[in-house]
Amino acid sequence: MTAETTGVRLDCDGPVATVTLCRPDVLNAQTPAMWRAMSDFSRDLPGDVRVVVVRGEGRAFSAGLDLAVAGATGPGSFAELATLSEAECADRIADYQGGFTWLHRPDVISIAAVQGHAIGAGFQLALACDLRVLAADAKLSMAEVTLGLVPDLAGTRRLVELVGYSRALEICATGRRMDAAEADRIGLATLVVPNDELDAAVRDLSAGLLANNRDAIVEIKALLAGAVGRSHAEQQRAEREAQTRRIRDLAGRGE
């Protein structure tokens, strides 16, 4: 499958891979074909990739679900999903979620480079990344509720982790839009930069990540990602165990 048929492409340049949504004529509105292609990227990723950048062509990151596809009658449409059993429908959605959850991989750091609209599925794609660099014109919204739907592309836990339950509920239940300044203020943005500095900021951030020991960063990501689910004692034990592995590895005594 090509980028022309799926609407998304993967480009690798040494340790940096870039996932580009390439449907600028429809503001990079997303389809099930795109989600399946993005899931496949996880298997296609070369072993030396350490940073994955997710971006959109044109003036928007992603305007969300392509309603022309969802409202039709073919594969991936609401009409088709409604004909499936509950278990089959849930399995189909699990397949779609794979296009987002691979960005959580412990061996890479993922960065969303967000300009313009990041709505619904677009917002969830940005949330799937470890870090979010927002251009000043970014507009974010969890708009699924306006269609009578719920966010189902692995974005709800990430949102709660970043902004807390009450704020996450307000964002999801109202479907309102927030600008980059608010996203920065409530902890959704890693950086906010002028529009013309977005690409340079992402390059600088990538370079900073690549400047340090890969195995140490993998351990750090695992420590932080699991911290919320551990007690203080469990987290301290995880730190001790991770540091022991690093010390042994640096001394040439690792497994």
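Keep in mind it's a predicted model, so treat the numbers as computed, not measured.

1. Observations regarding a nonpolar patch on the surface
Now for step 1: On the surface, Leu67, Phe78, Leu147 and Leu149 cluster together into a nonpolar patch covering about 340 Å² of accessible area.
Now for step 2: Relative to the assigned elements, Leu147 resides in the loop between β7 (139–141) and α7 (156–163).

2. Quick look at the environment of Val192
Now for step 1: Within the secondary structure, Val192 sits in strand β9 (residues 191–193).
Now for step 2: Residues contacting Val192, with those up to four places away along its chain left out, are Leu134, Ala136, Ala180 and Asp184.

3. Remarks on the domain arrangement of the protein chain
Now for step 1: When its domains are assigned, the protein chain resolves into domain 1 (3–211) and domain 2 (214–251).
Now for step 2: Once you take the C-alpha centre of each, domain 1 and domain 2 turn out to be 28 Å apart.
Now for step 3: Taken together, the contact pairs 13 residues of domain 1 with 4 residues of domain 2.
Now for step 4: Here domain 1 meets domain 2 over a buried area of about 730 Å², counting both sides, of which 51% is carbon and sulfur.
Now for step 5: On the domain 1 side of the interface with domain 2, the three residues burying the most area are Arg50, Pro106 and Ile109, jointly 51% of the side's total.
Now for step 6: Summed over the shared surface of domain 1 and domain 2, the result is 1 salt bridge.

4. Overview of the sheet that holds strand β2 (residues 16–21)
Neighbouring strands of a sheet are bound in pairs by backbone hydrogen bonds; such pairs are parallel or else antiparallel.
Now for step 1: What the 6 strands build is an open sheet, ordered β1-β2-β3-β4-β6-β9; its pairing is mixed. A strand with exactly one partner marks an edge of an open sheet, and here the two such strands are β1 (8–13) and β9. Taking each pair of neighbouring strands and ignoring which way they run, the sheet shows an average axis angle of 20°.
Now for step 2: In terms of strand pairing, strand β3 (residues 51–56) meets strand β4 (residues 109–114) through 4 bridges, oriented parallel. Note on β4: the bridge partner recorded for Val54 is Ala112.
Now for step 3: Taken strand by strand, helix α2 (residues 32–44) contacts β1 and β2, and its axis lies near 20° from that of β1.

5. So, the packing of helix α11 (residues 214–227) against helix α12 (residues 232–250)
Now for step 1: Here α11 crosses α12 at 175°, and the two axes come no closer than 10 Å. Here α11 lies roughly antiparallel to α12, going by the angle between them. Along the contact surface, α11 presents Asp215, Ala216, Glu219, Leu223, Gly226 and Ala227, while α12 presents Gln235, Ala238, Glu239, Ala242, Arg245, Arg246 and Asp249.
Now for step 2: Of the residues in the contact of α11 with α12, the class split is 5 nonpolar, 2 polar and 6 charged.

So, how was this worked out
- Every residue gets a number counted from 1 within its own chain, in the order that chain's sequence is written.
- Given that this is a predicted model, residues contribute local features only at a pLDDT of at least 70 and side-chain atom pairs are listed and counted only at 80 or more, while totals for whole chains, interfaces and linings are drawn from all residues.
- Computation of side-chain values: all heavy atoms of the structure, hydrogens and water removed.
- Two distance rules govern patches: like charges are joined within 9 Å, and nonpolar side chains (Val, Leu, Ile, Met, Phe, Trp, Tyr) within 5 Å, applied only to residues with over 30% relative accessible area and no salt bridge.
- Computed by Shrake-Rupley with a 1.4 Å probe, the accessible areas treat only the displayed protein chains as cover when residues are assessed.
- What counts as a salt bridge is simple: a side-chain nitrogen of Lys or Arg found within 4 Å of a carboxyl oxygen of Asp or Glu.
- A run of DSSP states H or I qualifies as a helix once it reaches four residues; a run of E qualifies as a strand once it reaches two. Both are numbered from the N-terminal end.
- Note on definitions: a residue-residue contact is assigned when non-hydrogen atoms from the two residues lie within 4.5 Å.
- Where each domain starts and ends comes from a domain assignment, either automatic or drawn from a database.
- Defined in terms of a 1.4 Å probe, buried area is the accessible area two parts forfeit on being brought together, summed over both.
- Strands are treated as partners if at least two bridges between them are detected by DSSP.
- Helix axes use the C-alpha atoms of the stretch in contact, all axes being lines fitted to C-alpha atoms, and the angles between their N-to-C directions lie in the range 0 to 180 degrees.
- Here is the rule for angles: anything less than 35 degrees is roughly parallel, anything more than 145 is roughly antiparallel, 65 through 115 is roughly perpendicular, and the remaining ranges are oblique.
- The residue classification treats Ala, Val, Leu, Ile, Met, Phe, Trp, Tyr, Cys and Pro as nonpolar and Asp, Glu, Lys and Arg as charged. All others, Gly included, are polar.

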